[in-house]
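Chain by chain, the residues:
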Amino acid sequence: MAALRFLVAFALASLTTFLSASIFQTHQVLGALRQIGVEISLRQHLAMVIDDIIGFTSRSDIGLSFPVVIAAALFGGFLIAEILKRLIRPLAPVAYVIAGAAAMAVLMAAMYTMFQASPIAGARGTTGLALQMLAGGLGGWVFTLLQSAPKRSRT
């Protein structure tokens, strides 16, 4: 039962991170377009958000789909957090949140190193990176909530 709980929590954390990372990057790109005078309707904006979410699941610019890469990064981050929160007990309540944010920072840095530019256009620059880290933090928060939710008894 613990394994199923972990898998569900991890899947939902990964999904949360992916969806927020994708939405944040779309808003960054659209914001940059608006700054140069491009008019974008709400309908176009929403369509691009959906197109990016769909596109990132199959796009191979980064070798794998973005959700798979995010899940791998979170897995490594959460594994390190699990170890550290046992060693540094005050860190325990926020360990996965920090790990999710750090995992996204490491992922963005790794992709930059591999491609000499970020293949995630909306992750370029300080604000874009911060938003990607926020997406990872949100995923870590979801993981924390689901892992610490009261367990149901079978009585």
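Residues numbered from 1 in each chain as written. Predicted model: local features only at pLDDT ≥ 70, side-chain atom pairs only at ≥ 80, totals over all residues. Heavy atoms only, no water.

Caption draft 1: Fine view of the side chain of serine 65. Within the secondary structure, serine 65 sits in the loop between α2 (42–58) and α3 (66–87). Of the polar contacts made by the side chain of serine 65, one reaches the backbone oxygen of threonine 57; its length is 3.4 Å. (Helix = DSSP H or I, 4+ residues; strand = E, 2+ residues; numbered from the N terminus. Polar contact = N/O pair within 3.5 Å; in protein donor to acceptor, adjacent residues only side chain to side chain.)

Caption draft 2: Here's a closer look at the nonpolar core. One finds Phe66, Ile70, Phe78, Leu107 and Met108 to be the most contacted residues of the largest nonpolar core, which totals 29 residues. Taken together, the elements giving at least two residues each to this core come down to α1 (2–35), α2, α3, α4 (95–115) and α5 (125–148). (Core = buried A, V, L, I, M, F, W, Y, C linked by side-chain atoms within 4.5 Å. Buried < 20%, exposed > 50% of the residue type's maximum accessible area, 1.4 Å probe, protein only.)

Caption draft 3: How the structure looks around the pattern of salt bridges. Under the counting rule described, the total for this entry stands at 2 salt bridges. Measuring nitrogen to oxygen at the nearest pair gives 3.9 Å for the salt bridge that ties lysine 85 to glutamate 82. Taken together, the residues span about one helical turn, with lysine 85 and glutamate 82 both in helix α3 at a distance of 3 residues. Here glutamate 82 ties to arginine 86 by a salt bridge, and the two come within 2.5 Å at their closest N and O atoms. One end of the pair is glutamate 82 and the other is arginine 86, both in helix α3 and 4 residues apart, which spans about a single turn. Assessed through its relative accessible area of 23%, glutamate 82 is described here as partly exposed. According to the relative accessible area criterion, arginine 86 is exposed, its value standing at 56%. (Salt bridge = Lys/Arg side-chain N within 4 Å of Asp/Glu carboxyl O.)

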